[in-house]
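Below are the chains, spelled out letter by letter.
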Amino acid sequence: MRGAVIHAPGDVRFETLDDPKLLHPTDAIIRTAVTCVCGSDLWPYRGAEPIRDPHPMGHEYVGFVEEVGSEVTHVRPGQFVVGSFATSDNTCANCRNGFQSSCLHREFMSTCQADYVRIPNAHGTLVATDEVPDEKHWAGLLAVSDVMGTGWWAADAAEVESGSTAVVVGDGAVGLCGVIAAKEMGAERIIAMSRHESRQKLALEFGATDIVTERGDEGVARIKDLTDGIGADSVLECVGTEQSMQQALRAARPGGNVGFVGVPHEVAVDGQELFFSHVGLRGGPAPVRRYLPDLIDRVLTGRIDPGKVFDLTLPLEEVAEGYQAMDERRAIKTLLTP
Ligand SMILES: [Zn+2]
Ligand SMILES: [Zn+2]
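Small disclaimer: the values here were computed from a predicted structure and weren't measured.

**Re the domain arrangement of the chain**
Annotation of the chain at the domain level lists domain 1 (2-146 + 287-337) and domain 2 (150-283). The C-alpha-based centres of domain 1 and domain 2 are spaced at 26 Å. Listed per partner, the contact involves 15 residues of domain 1 and 14 residues of domain 2.

**Overview of the pairing of strand 1 (residues 2-8)**
Bridge analysis of strand 1 against strand 2 (residues 11-16) gives six bridges, and the strand direction is antiparallel. Across the sheet, residue R2 finds its bridge partner in strand 2, namely T16. The antiparallel pairing of strand 1 with strand 2 creates a hairpin that spans two residues between the two strands, and G10 there sits at a positive phi of about 75°. Sheet topology places strand 1 next to strand 4 (residues 55-56); two bridges connect them, and they run antiparallel. Among the inter-strand pairings, V5 is bridged to a residue of strand 4, identified as P56.

**Some thoughts on the packing of helix 5 (residues 147-157) against helix 11 (residues 288-300)**
In the contact formed by helix 5 and helix 11, the axes pass within 10 Å of each other and the chain directions differ by 105°. By the criterion of interaxial angle, the relationship of helix 5 to helix 11 is roughly perpendicular. Only V288, Y291 and L295 of helix 11 make contact with helix 5, whose side of the interface consists of M148, G149 and W152. Classifying every residue of the contact of helix 5 with helix 11 by side-chain character gives five nonpolar, one polar and no charged.

**Considerations on the nonpolar core**
Formed by 105 residues in total, the largest nonpolar core has its most connected members in A166 and V168. Here this core gets eight residues from one element, more than from any other, and that element is helix 6 (residues 173-184). Residue-level mapping places this core at the junction of two domains, with at least three residues from each of domain 1 (2-146 + 287-337) and domain 2 (150-283). Leave out the neighbours within four places in its chain, and A166 touches A155, A158, V160, A182, A187, I190, A232, D233, S234 and L236.

**Topic: the packing of helix 5 against helix 6**
Think of two packed helices as two axes; the pair is described by the angle between the axes and how far apart they sit. Between helix 5 and helix 6, whose axes approach to 7 Å, the crossing angle comes to 55°. Here helix 5 is positioned oblique relative to helix 6, judged by the angle of their axes. Here helix 5 and helix 6 pass one another in a crossing that is right-handed. Of the residues in helix 6, those in contact with V147, M148, T150, G151, W152, A154 and A155 of helix 5 are A173, V174, C177, G178, I180, A181 and A182.

**Re the environment of L312**
Summarising the element assignment, L312 is placed in strand 17 (residues 312-315). The partly exposed category is assigned to L312, around which 18 C-beta atoms lie within 10 Å. Between the alpha carbons of L312 and L335 there is a distance of 6.1 Å; along the sequence they are 23 residues apart. Not counting the four nearest positions on each side in its chain, L312 is found in contact with G322, A325, A331, T334 and L335.

**A word on the sheet that holds strand 16 (residues 280-283)**
Pairing in this open sheet of six strands is parallel, and the strands run 13-12-11-14-15-16 from one edge to the other. Every other strand in the sheet has two partners, leaving strand 13 (210-212) and strand 16 as the edge strands with one partner each. Adjacent strand axes in the sheet meet at a mean angle of 20°, parallel and antiparallel pairs treated alike. Two elements, strand 14 (residues 232-237) and strand 15 (residues 252-260), share five bridges in a ladder whose sense is parallel. Residue pairing for strand 15: A232 is matched across the bridge by A252. Across the sheet, helix 5 is in contact with strand 11 (165-169), strand 14, strand 15 and strand 16; its angle to strand 15 comes to roughly 155°. Contacting strand 11, strand 12 (189-193) and strand 14, helix 6 crosses the sheet at an angle of about 170° to strand 11.

Cut-offs applied
- Residues numbered from 1 in each chain as written.
- Chains lettered and ligands numbered in written order.
- Predicted model: local features only at pLDDT ≥ 70, side-chain atom pairs only at ≥ 80, totals over all residues.
- Domains from an automatic or database assignment.
- Contact = placed C-beta atoms within 7 Å.
- Pairing = 2+ DSSP bridges.
- Helix = DSSP H or I, 4+ residues; strand = E, 2+ residues; numbered from the N terminus.
- Axes fitted to C-alpha atoms, helices over the stretch in contact; angles between N-to-C directions.
- Parallel < 35°, antiparallel > 145°, perpendicular 65-115°, else oblique.
- Nonpolar A, V, L, I, M, F, W, Y, C, P; charged D, E, K, R; others polar.
- Core = buried A, V, L, I, M, F, W, Y, C linked by C-beta atoms within 7 Å.
- Buried ≥ 20, exposed ≤ 12 C-beta atoms within 10 Å, placed from the backbone.
- Left-handed = near helix turned anticlockwise from the far one by under 90°.

Laid out in structure tokens, this is it:
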């Protein structure tokens with residue numbers, strides 16, 4: 001089969017790889033329907049994470065079941081399935097508590113920009129749709145496997161409620177999906193922080209009511225202006241830098257909550273500031289598996305269309321261009337078709 005391999009920062013190659021095989025009775029092999037490049041793939045691509053050896057890339061997927069291990073009984077070959085970037089058995093204590101992305105048997109996906117993918121913990125990870133969905137829904141379902149699930153978690157962790165005010169820090173695919181989630185959870189006011197016109201447009205289309213283009217202290221001051229000087233009820237932090245985290249914490253009102261889902265890179269939180277802010281803070285890798293049935297349903301019924309975050313579609317063999325376009329911010333998110 002063929003797939004993407006990263007060799008060094010800025011160097012993603014499309015190579016011939018060994019076909020994946022079942023390694024455990026709980027594994028499945030899927031044939032990729034569509035896959036994509038994630039904003040988090042840009043961390044190693046930009047040299048912000050070390051690359052020790054060349055390795056395959058990709059953690060977002062939807063596909064057709066090809067083969068299942070003996071303990072995988074709830075999906076069968078031919079079915080269309082959606083999974084999560086973090087696999088889970090869906091039976092351990094952490095899974096039962098709804099934190100499948102902390103499953104005691106968790107394995108993170110990392111080989112999905114390829115024709116075929118081995119899914120560990122397939123019995124607990126994969127959710128099959130009733131029938132093979134119309135191709136127009138594939139991009140939306142793919143978004144559910146990470147960015148939509150992560151945006152949902154950001155809103156959930158920030159405790160967005162009906163009638164509340166939510167701020168979304170970050171206008172990447174996750175932030176934009178966070179806007180969708182805040183809208184679905186009933187936020188009355190959704191303030192998207194973005195300085196890129198195409199992303200502002202999509203944020204407004206997804207339900208944002210206000211756009212703030214300022215960043216840092218100025219951005220926080222704008223949020224305060226818009227919230228009677230108090231701050232927002234909920235803030236979704238969808239970037240993972242020191243500046244974005246500070247901005248998020250300072251934009252929340254006392255008693256408000258920050259959901260942080262951008263993987264932190266060199267982020268330090270000041271304990272005294274957090275203490276006196278009265279702001280609740282929760283984040284981490286999204287428990288996408290918990291949300292899958294609900295989000296799949298919202299996509300298939302046309303209630304939400306997170307597939308719109310893909311503004312560039314390329315054949316899988318042009319994966320390198322897919323990275324470059326996102327790195328240069330020519331694309332929000334690249335969809336790849338095998
Ligand atoms: Zn991702
Ligand atoms: Zn588990």
